[in-house]
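# Breakdown of the fold
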Amino acid sequence: MRVLGVGVATLDIINTVDHYPNEDDEMRALSQRIARGGNAANMLVVLSQLGHRCDWAGSIADEPDSRHILEDLARYAVDCSHITRQSGGKVPTSYVTLSAVTGSRTIVHYRDLEEFSAADFAGIDLDGYNWVHFEGRNCAEVEQMMRRLKRSNPALPCSLEIEKPREGMDRLLGLPDLLIFSRAFARVSGYVGAEALFAEMRPLNAKATFFCAWGSGGGYMQLAAGKILHSPAHHPPRVVDTLGAGDVFNAAVIDGQMRGLSAESVLQQALRLAGEKCGRVGFDGLRGVLDSHG
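A short tour of the structure in this document, coming up. All values derive from a computational prediction rather than experimental measurement.

So, on to the packing of helix H7 (residues 245-258) against helix H8 (residues 263-278). For the pair H7 and H8, interaxial distance at closest approach is 8 Å and the crossing angle is 150°. Considering the angle they form, H7 stands roughly antiparallel to H8. In the crossing of H7 with H8, the sense of the turn from one axis to the other is right-handed. Along the contact surface, H7 presents Ala245, Val248, Phe249, Ala252, Val253, Asp255, Gly256 and Gln257, while H8 presents Val266, Leu267, Gln269, Ala270, Leu271, Leu273, Ala274, Lys277 and Cys278. Here the contact of H7 with H8 is composed, by residue class, of 12 nonpolar, 3 polar and 2 charged.

Below you can see the structure in the form of structure tokens.
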């Protein structure tokens, strides 16, 4: 299967500490690593490991730090021929503090780069793709991209990740075939649980399948007919690194949908893979998790 992911790739500078510092503290990191990150890029790296052909559509800065991002995506066979290179600006950079005790992370993100635009997207031939995934950002432009897809390739499934509230987001919600909400979006928007979120969102899109991962509370899925499914979280022996777990969940959802798995199997697979990711650093080796569980 061939997947197009529209969104960001970032440079992540990850400092592991033995505990979170207090304000105005000075402390030494246990370790530091530099990695390629970004929601869409992470998702494509996982989907590539699961056997899919993956293309990234996004913006990259014409500066030295871009090399690390592009080389890492090439290592996972993610095609970058649809990127736009910006002569000004800086690669989006996430400064991550990772707790060695809990595996949780705090992120300070900096970006000074123009977003991938609808004009950029218009130059992509969508024939031959089996799935297109959008990050819910740069909403006015993403709306144009999604409407173009629906006009030119109405049978091509597309998904939308809703990670956080953004201006114009409401205009996107009725367009995709699959919506993936984050727990952070639900909480910031005032919903106490995924069921309440789904109930509010359903009138905005009667045909889409909804998903929402809820951390240690497991994950939820609502079919277009209204049935809600819940599966418990998968807990690794030890939580090591939660960075990107949501992106792994998203990738596993899309993989399961494309492969025609049952609704229950899609949700269980996504939670297992996301849980296993929390027990390891980075994204390597996730294919073996699915192989070992059929």
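Before going further, it helps to examine the side chain of arginine 36. Considering the arrangement of structural elements, one finds arginine 36 in strand E3 (residues 31-37). Look at arginine 36 and you get buried, because its relative accessible area is 5%. At 2.4 Å, the side chain of arginine 36 and the side chain of asparagine 42 are in polar contact. A distance of 2.9 Å separates a polar atom in the side chain of arginine 36 from a polar atom in the side chain of aspartate 72. Sequence-distant contacts of arginine 36, defined by excluding residues within four places in its chain, comprise Thr10, Asp12, Ala41, Asn42, Val45, His68, Ile69, Asp72, Leu73, Tyr76 and Phe283.

Empty space within the largest pocket amounts to approximately 1,400 Å³. Arg105, Thr242, Gly244, Ala245 and Gly246 are the residues nearest the centre of the largest pocket, which is lined by 48 residues in total. Counting residues per element, the lining of the largest pocket draws most heavily on H7, at 5 residues. Across the lining of the largest pocket, the residue classes tally to 18 nonpolar, 18 polar and 12 charged.

Criteria and cut-off values
- Residues numbered from 1 in each chain as written.
- Predicted model: local features only at pLDDT ≥ 70, side-chain atom pairs only at ≥ 80, totals over all residues.
- Heavy atoms only, no water.
- Axes fitted to C-alpha atoms, helices over the stretch in contact; angles between N-to-C directions.
- Helix = DSSP H or I, 4+ residues; strand = E, 2+ residues; numbered from the N terminus.
- Parallel < 35°, antiparallel > 145°, perpendicular 65-115°, else oblique.
- Left-handed = near helix turned anticlockwise from the far one by under 90°.
- Contact = heavy atoms within 4.5 Å.
- Nonpolar A, V, L, I, M, F, W, Y, C, P; charged D, E, K, R; others polar.
- Buried < 20%, exposed > 50% of the residue type's maximum accessible area, 1.4 Å probe, protein only.
- Polar contact = N/O pair within 3.5 Å; in protein donor to acceptor, adjacent residues only side chain to side chain.
- 1 Å grid on protein atoms, 1.4 Å probe; cavity = no way out; pocket = protein on both sides within 12 Å on 5 of 7 lines; lining within 4 Å.
- Points joined across faces, edges and corners; volume = space filled by probe spheres on them.

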